Amino acid sequence: MKRVAIVILNWNGKHWLEKFLASVLTYSDPSFCDVIVADNASTDNSLEFLKENFPDVQIIVFEKNHGFTGGYNRALKSLEHEYFVLLNSDIEVSKNWIEPIIRLMDGDKLIAACQPKILDYNKRDYFEYAGASGGYIDFLGYPFCRGRIFDALEKDEGQYDDAKRVFWASGACLFVRSEVYKKLGGLDEYFFAHMEEIDLCWRMQNEGYHVWVEPLSKVYHVGGGTLQSDSPKKTYLNFRNNLFLILKNYDFWKVYPIIFLRLLLDGIAAIRFLLQGKFSHFIAIIEAHFSFHFNQIRYLKDRKKQVKPSTIYAKSIVWEYFVKKRKKYKNL
């Protein structure tokens with residue numbers, strides 16, 4: 001049994017497989033890693049392309065689209081590797097992208113998840129939105145990164161090249177200890193997509209595990225390969241799932257005061273979309289709130305003991321960014 005399973009979830013992503021799968025095979029030692037494509041009922045001839053051009057790549061086929069969360073849970077359930085790598089299809093990996101992270105995780109059994117440094121494929125000396133050099137979250141549940149706060153992306157000048165404990169690791173390229181992943185039940189399938197990796201990392205920390213970034217490993221991410229950043233569905237999932245993230249994982253006595261503040265701030269965000277003429281995004285936030293209110297019972301009935309991870313940012317990133325104009329992580 002090889003130690004690492006690199007699993008690429010595919011849904012109508014033939015063009016990404018054509019562009020990036022070869023780099024994964026080139027820079028992944030076949031004596032150490034299995035490369036597996038899990039297909040979420042694609043209709044774009046992805047499977048035919050794989051069978052013809054990459055016959056050595058293992059394929060798992062689903063009869064319907066289970067989303068990011070359900071697809072990965074089903075794909076990983078049958079695998080027995082020590083480490084899983086959840087890798088987006090729109091990522092170009094580079095030489096030596098696996099070894100530094102496995103070495104770091106081998107050296108500390110409390111590290112349950114880790115990510116590489118994630119750079120922008122199209123602006124290769126800038127950090128990429130989905131993870132940059134490690135993710136954090138503020139006390140109100142807003143995620144940000146070393147190298148990216150909201151939409152402000154920093155140029156990579158080596159300022160965040162130290163391996164470091166963080167709050168969350170990016171689902172775009174997520175290394176996880178398989179034993180812990182399965183112990184915690186994997187990704188929350190109700191999330192479908194977006195925020196699911198933050199939820200998993202928070203649950204890991206509630207169990208006493210750690211999450212790290214190892215910038216010696218470096219990958220390049222296109223971003224928006226499945227849902228574009230301007231998609232109302234993405235807005236809906238981000239706002240809804242962020243509320244569920246808080247409800248599931250925060251100390252119970254803090255949950256509803258935090259959610260009340262978030263609802264107010266989300267309302268401001270909705271009005272901002274409306275003033276920008278983005279009516280569909282305004283509606284998406286309203287729908288996200290209704291979905292949260294009508295479905296929160298699913299998480300209230302099985303909440304577990306929570307802890308406060310030391311990596312939660314104690315201040316408001318909204319205040320720091322919009323009022324104090326601090327748009328770089330190093331200035332926080």
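How each quantity is defined
Residues numbered from 1 in each chain as written. Predicted model: local features only at pLDDT ≥ 70, side-chain atom pairs only at ≥ 80, totals over all residues. Heavy atoms only, no water. Helix = DSSP H or I, 4+ residues; strand = E, 2+ residues; numbered from the N terminus. Rg over C-alpha atoms; globule rule 2.2 N^0.38 Å. Buried < 20%, exposed > 50% of the residue type's maximum accessible area, 1.4 Å probe, protein only. Contact = heavy atoms within 4.5 Å. Lys, Arg positive; Asp, Glu negative; His and termini not counted. Charge placed at Lys NZ, Arg CZ, Asp CG, Glu CD. Polar contact = N/O pair within 3.5 Å; in protein donor to acceptor, adjacent residues only side chain to side chain. Axes fitted to C-alpha atoms, helices over the stretch in contact; angles between N-to-C directions. Parallel < 35°, antiparallel > 145°, perpendicular 65-115°, else oblique. Left-handed = near helix turned anticlockwise from the far one by under 90°. Nonpolar A, V, L, I, M, F, W, Y, C, P; charged D, E, K, R; others polar. Salt bridge = Lys/Arg side-chain N within 4 Å of Asp/Glu carboxyl O. Core = buried A, V, L, I, M, F, W, Y, C linked by side-chain atoms within 4.5 Å. Disulfide = S-S within 2.5 Å.

Draft legend 1. Examining the overall build of the protein chain more closely. When helices and strands are counted, the protein chain shows eleven helices and 14 strands. A compact globule built from 332 residues would reach a C-alpha radius of gyration of about 20 Å, and the protein chain, at 19 Å, matches this within 12%. With the principal axes as the frame, the protein chain shows a C-alpha extent of 50 × 40 × 40 Å. The buried share of the protein chain, taken over its 332 residues, is 56%. Of the contacts made within the protein chain by residues no fewer than 6 positions apart, 77% connect residues no fewer than 24 positions apart. Computed over 45 positive and 40 negative side-chain charges, the separation of the two mean positions in the protein chain equals 6 Å.

Draft legend 2. Quick look at the environment of asparagine 241. With respect to the element layout, asparagine 241 can be found in helix α7 (residues 232-249). The exposure class of asparagine 241 is buried, given its relative accessible area of 0%. For the pair formed by asparagine 241 and leucine 275, sequence separation is 34 residues and the distance between their alpha carbons is 24 Å. Excluding anything up to four places from it in sequence, asparagine 241 contacts Phe191, Ala193, His194 and Met195. Polar contacts involving the side chain of asparagine 241 include one to the side chain of arginine 240, which spans 2.9 Å.

Draft legend 3. Spotlight on the side chain of glutamine 296. Along the polypeptide, glutamine 296 turns up in the loop between α9 (279-295) and α10 (297-300). Within the structure, glutamine 296 has its side chain in polar contact with the side chain of tyrosine 256 (distance 2.4 Å).

Draft legend 4. Expanded view of the packing of helix α8 (residues 252-275) against α9. The interhelical angle for the contact between α8 and α9, taken along N-to-C directions, is 160°, at an axis separation of 7 Å. Classified by the angle their axes make, α8 and α9 are roughly antiparallel. As α8 runs across α9, the sense of the crossing is left-handed. Judged by residue contacts, Ile259, Leu263, Asp266, Ala269, Ala270, Ile271, Phe273 and Leu274 of α8 engage Phe279, His281, Phe282, Ile285, His289, Phe292 and His293 from α9. For the contact of α8 with α9, the residue count by class is eleven nonpolar, three polar and one charged.

Draft legend 5. Quick look at the pattern of salt bridges. Counting across every chain of the model gives 16 salt bridges. The shortest N-O distance in the salt bridge between glutamate 320 and arginine 326 comes to 2.8 Å. Residue glutamate 320 is classed as buried on the basis of its relative accessible area, which comes to 2%. Looking at arginine 326, the relative accessible area reads 29%, which means it is partly exposed. Residues participating in the shared-partner salt-bridge network are Asp188, Asp199, Arg203 and Lys248.

Draft legend 6. Main features of helix α3 (residues 67-77). Taking burial as the measure, the eleven residues of α3 include nine buried ones, the bulk of the element. Within α3 the residues assigned to the buried category are Gly67, Phe68, Thr69, Gly70, Gly71, Tyr72, Asn73, Ala75 and Leu76. At its buried positions, α3 is contacted by β1 (4-10), β2 (33-40), β3 (58-62), β4 (83-87), α5 (178-183) and α6 (196-206).

Draft legend 7. Structural detail: the nonpolar core. Ranked by size, the top nonpolar core spans 72 residues in total, and within it Val7, Tyr72, Val176 and Met204 carry the most contacts. Apart from residues no more than four positions distant in its own chain, valine 7 is found in contact with Ile36, Ala38, Tyr72, Ala75, Leu76, Leu79, Val85, Leu86 and Leu87. In terms of nonpolar packing, the next biggest core, distinct from the first, is built from 31 residues, Cys114, Ala172, Phe175 and Val219 among them.

Draft legend 8. Spotlight on the state of the cysteines. On inspection of all chains with the given rule, the structure shows zero disulfides. Unpaired in this structure, cysteine 33 has its nearest cysteine sulfur neighbour in cysteine 173, at a distance of 12 Å. Among the residues examined, cysteine 33 registers a relative accessible area of 5% and is labelled buried. In this structure cysteine 201 is a free cysteine whose sulfur lies 10.0 Å from that of cysteine 114, the closest cysteine sulfur available. For cysteine 201, a relative accessible area of 0% gives the class buried.

Draft legend 9. Layout of the side chain of aspartate 90. Take aspartate 90: it is sitting in the loop between β4 and β5 (91-93). Summary of buried charges: aspartate 90 has no salt-bridge partner, and the nearest side chain of opposite charge, lysine 234, is 8.9 Å away. Here the side chain of aspartate 90 touches glycine 223 through a polar contact of 3.1 Å, landing on its backbone nitrogen.

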